[in-house]
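# Understanding the architecture of this molecule
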Amino acid sequence: MAAPQSQNALVRWIDRRLPVFTFINHELNEYPTPKNLSYWWNFGSLAGIMLVIMMATGIFLAMEYTPNVNLAFDSVERIMRDVNWGWLIRYIHMNGASFFFIVVYIHIFRGLYYGSYKEPRELLWILGVIILLCMMATAFMGYVLPWGQMSYWGATVITNLFGAIPVVGNDIVTWLWGGFAVDNPTLNRFYALHYLMPFVILGVVGLHIMALHTNGSNNPLGIDRKGPQDSIPFHPYYTIKDSFGLGVFLIIFCIFVFYFPNALGDPQNYIRANPLQTPPEIVPEWYFLPFYAMLRSVPDILFIKAKLAGVLTMFGSIFLLFILPWLDTSPVRSARFRPVYKWWFWLLVIDVFALGAVGAHRPEGWWIVIGRFGTLYYYIHFLIVFPLLGIFERPLPLPTSISAAVTKGGGKLAGASAPMEKP
Amino acid sequence: MRRLAPTLIKGALIGAGLLLAPIVAQAQEETPLPRTSWSFDGPFGTYDRAAVQRGFQVYQSVCSNCHSLNLVTYDDLGPNGPGGGIGYSEDQVKGIAAEKEVTDGPNDQGEMFQRPARPSDHFVPPFPNDQANRAAHNGALPPDLSLIVKERAAGLGALPWSASGADYVYDILTGFKNPPPNEKLPDNSYYNEYFPGHHIAMPPPLADDTVSYSDGTKATTAQEAHDVVTFLTWAAEPTMEDRKRNGAKVLIFLVVLTGLLYAAKRKIWADVH
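So, a few notes on the structure that sits alongside this text. This one's a predicted model, so the numbers in the text were calculated from it and none came from an experiment.

What follows concerns the overall build of chain B. Across its full length, chain B holds 8 helices and 4 strands. Secondary structure elements of chain B, listed N to C terminal, follow the sequence α-α-α-β-β-α-α-α-β-β-α-α. Counting only residues that meet the buried cut, chain B has 32% of its 273 residues in that class. Looking at chain B alone, contacts between residues at least 24 apart form 57% of all its contacts between residues at least 6 apart.

Time to look at the nonpolar core. Grouped together as the largest cluster of nonpolar side chains are 83 residues, with contacts concentrated most on Ala47, Met50, Phe100, Val103, Val144 and Trp147 of chain A. The biggest single contributor to this core is helix 5 (residues 86–113) of chain A, with 13 residues. In terms of nonpolar packing, the next biggest core, distinct from the first, is built from 43 residues, Phe40, Val52, Val149 and Tyr168 of chain B among them.

We now examine helix 7 (residues 149–160) of chain A. Residue and element names in this part refer to chain A. The end-to-end C-alpha distance of helix 7, which contains 12 residues, comes to 16 Å, matching closely the 16 Å that a straight helix rising 1.5 Å per residue would cover. Extensive coverage of helix 7 is indicated by the burial of 9 of its 12 residues. Every buried residue belonging to helix 7 is among Gln149, Met150, Ser151, Tyr152, Trp153, Gly154, Ala155, Ile158 and Thr159, and all of these are buried. Where helix 7 is buried, its residues meet helix 6 (122–144), helix 8 (169–177) and helix 9 (184–215).

So, about the environment of Arg134 of chain B. Residue and element names in this part refer to chain B. Mapping Arg134 onto the fold places it in helix 4 (residues 130–136). For Arg134, a count of 14 C-beta atoms within 10 Å puts it in the partly exposed group. Considered as a pair, Arg134 and Cys66 are 68 residues apart in the sequence and their alpha carbons are 9.7 Å apart. Aside from chain neighbours lying at most four places away, what touches Arg134 is Gly139, Ala140 and Leu141.

A few words now on unusual backbone geometry. All names here are of chain A. A cis geometry characterises the amide bond from His235 onward to Pro236, with omega recorded as 10°. Tracing the chain through its elements places Pro236 in helix 10 (residues 234–259). With a phi angle near 60°, Trp85 is a residue other than glycine that sits in the positive phi range. Mapped onto the secondary structure, Trp85 falls in the loop between helix 4 (72–81) and helix 5.

Residue and element names in this part refer to chain A. It is at 9 Å that the axes of helix 13 (residues 341–360) and helix 14 (residues 366–392) come closest, and there the two elements cross at 150°. One finds that helix 13 runs roughly antiparallel with respect to helix 14. In this structure, helix 13 meets helix 14 at a crossing whose hand is left-handed. Residues Tyr341, Trp344, Leu348, Asp351, Ala354, Leu355 and Val358 of helix 13 pack against Trp367, Ile370, Gly371, Gly374, Thr375, Tyr377, Tyr378, His381, Val385 and Leu389 of helix 14. For the contact of helix 13 with helix 14, the per-class residue count stands at 12 nonpolar, 4 polar and 1 charged.

When two helices pack together, their arrangement is given by the angle between the helix axes and by the axis-to-axis distance. All names here are of chain A. At a minimum axis distance of 11 Å, the contact between helix 3 (residues 43–64) and helix 9 shows a crossing angle of 155°. Looking at the two axes, helix 3 sits roughly antiparallel to helix 9. Judged by the twist between their axes, the crossing of helix 3 over helix 9 is left-handed. Mapping the contact onto sequence places Gly48, Leu51, Met54, Met55, Gly58 and Ala62 in helix 3 and Tyr195, Pro198, Ile201, Leu202 and Val205 in helix 9. Grouping the constituent residues of the contact of helix 3 with helix 9 by class yields 9 nonpolar, 2 polar and no charged.

The rules we used
- Residues numbered from 1 in each chain as written.
- Chains lettered and ligands numbered in written order.
- Predicted model: local features only at pLDDT ≥ 70, side-chain atom pairs only at ≥ 80, totals over all residues.
- Helix = DSSP H or I, 4+ residues; strand = E, 2+ residues; numbered from the N terminus.
- Buried ≥ 20, exposed ≤ 12 C-beta atoms within 10 Å, placed from the backbone.
- Contact = placed C-beta atoms within 7 Å.
- Core = buried A, V, L, I, M, F, W, Y, C linked by C-beta atoms within 7 Å.
- Expected span 1.5 Å × (residues − 1).
- Axes fitted to C-alpha atoms, helices over the stretch in contact; angles between N-to-C directions.
- Parallel < 35°, antiparallel > 145°, perpendicular 65-115°, else oblique.
- Left-handed = near helix turned anticlockwise from the far one by under 90°.
- Nonpolar A, V, L, I, M, F, W, Y, C, P; charged D, E, K, R; others polar.

Written as C-alpha cells, this is what we have:
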C-alpha cells in the first residue's frame, strides 16, 4: 500500500510534491529485512530510542538548569526538589546515559560477533564508531554540568590529557578551559556543546541508517539474502519485535530509575565542586572505565612519556575500530561459522570487562599488571589476531541461503505482502 | 521462547558483569559498616513520619548548632513541601521558621535589617559563612547536611545488599570509642570506628537523653541517631516516596504492556517459516 495509491487525497497531493509518505513507506514499512534476525538486533532501534529519550528529558532539564559555577549545583537540586516531576526527568536523564551506553556497547559487540562491519558495510560501521565518539564527548561534558566533586575533578583530569600533546599541549588546555583552570567559562562552553552534540549525533545517525538501508541488515548467519524467501517486510514483523524488546528494556531501565537511581553514579557527585579539595579517588563514570584503565596502564616507552603514551593508547583503542573492516581478513562474517574466532571474541569481551575493573581501582599491585596485559591484549586482538585468523582459520561450510538454514530445506514466502527484494 | 531464554541469560550475565565492576571498585579497607533496618528501605519503604519529626527535633537542638541544611526550606516540612512534608501543619511551619532570624533588605532607607524567618526561607545556617564556621571549630568545617546521606553512600550503596549512606551516617554517630591504647589522637580530634582514618574532628554529638522527645519515646543514643538519620534521609531526598509509588505503577503498566506486545509478536510471526 504505497502512499501514491493512498485513499486520502491530501496524502496523495503532498506525496506528489514532497514524497515523505513514499519515503516512510519504503524505509519503515516495506523495507525488506532478513527474516532470521535474533534479539541481538534489537539494540540498534533501542539506541535510537535512547537518543530521543535523552534529548527529550535534556531539553526540559535545560529549562531549569543554570550554567554558572555558583548556581549549577543548587539549580540541579532545585530540579530534584521543587520542580514538578523534576526528580523523574533528572533520574531518567542520569540513568539514561548509562543505559544508552549499555545498549550501544551490546550493539557494537553484536557487530563484532556477526561481522557486521565487513564488505559492504564498512562505512555503516565507521559511522557507528563516529557516533560512539560523539556520545563519549557528550556524556563527558554532561557529567560536568551538575558541578559536583566528580564533575569538577573529572573535567580537570580529562582536559589535562590534552596537555600531553608535545609543544602546544599546555596552550591547548588553556584554550579548552577558557582560562587557567576549569572554571565558569569551561562550564559554560561545556553546557553549550552538551546541548549541540546530540543534534550532531542525530545527523550521523541519519547517515548510519541511510548506509544501513542501502545494503540492509546483516543477520546471524552473516550470508547475503538470496531472494524474497529470505526477507520479510520491516513492518509489522520487526516493528512488533522491536516493540516487545523495548518493553523488556524499559522494565529494566525503570527498575533503576525508580528504585536504584543512584546505583550507577558516583555518590561524590552529590558534594558541591570544591577546587581546593581533591577527592580521595577520581573515577570516571563506569562506561569510561576500560578506556581509563588503558590511559593509566602505559609506562614510559623510550622517549615517549607515560602520559602521552597513555593518551595515544586510549584514543588508539577507538581508532582500531575505525580500521577494523580492513584488519579482519576473513571473508566469513558470522562467528557461527568461524570456530576459532568465536573463542577469541569472548576473550575480547572478558578483556574489556577486566579493563573496566582495572579502571575502577587504584593503580596498585596486581591491578597494574592486569591493566598492562589487558591493554596489550586489546591491541594484539585487533592488530594480530584479526589479520591472522582470516588466514589460518578454516571456516565451517556456509548454508546456501537464509531460508535453507532456517527451515532446513527452503521456506515459503512470509506473508502475502512481502515485496520483491531489490536486485 | 526457546531461543529467547539463552539470549536473556547471556544478557543478564553481561548486565551482572557491568554492575559488579563498580562494586569491586568501591570495596574499602576501612571497618565494614554495620547495616541498620530503616523504614525507607525496600521498594515500598516510606519515611516513618514520627521518626522524621523526632529526628528534626534532634537536628534542631543538636546538629544545627554547627551544621547547615542549606537545600531545605521550612515550607518543605509542611503540606506544601515535596512529598507532602513531614507532617507539620502550615501554622506549625510558620512557628518553626519564626524561631530564627534572617538578614533581609535593603529596605527603603537602603539598610539591611533582621526579620523572623518565613516558611519560604531556607534553613538558617548556624554561621554567616564557612570562614566563621571554621574559625569556631579549630579550622575544621562541619559539612552541610542536606545531601550527607546521598554523598556518603559507598558506590553502589544505593543497592539493597550493601551499606547505604544512611547506614554510614548512623554508624558514625554511634561509632565513637576510646582509641586503641597505643594510638595517640591529634589535638581536637576524636576516635571513631567507622570514620575513614578513624580520626574525626566532630566530638560525639549524641548521648542518652541529649533531647527529651515530646512524644515520650525514650531518647537513647541509638534512638536519637536512628531518628536523625531518618530525618536527614528525608532531607536528602524528600521526593523518594513519590518515586517509589510511581515506580510501582509504571512497572505494572510496563509488565502488562510487554506481555501484550509479546503475544502480538507471537501472533504476527506465526506465519514466518
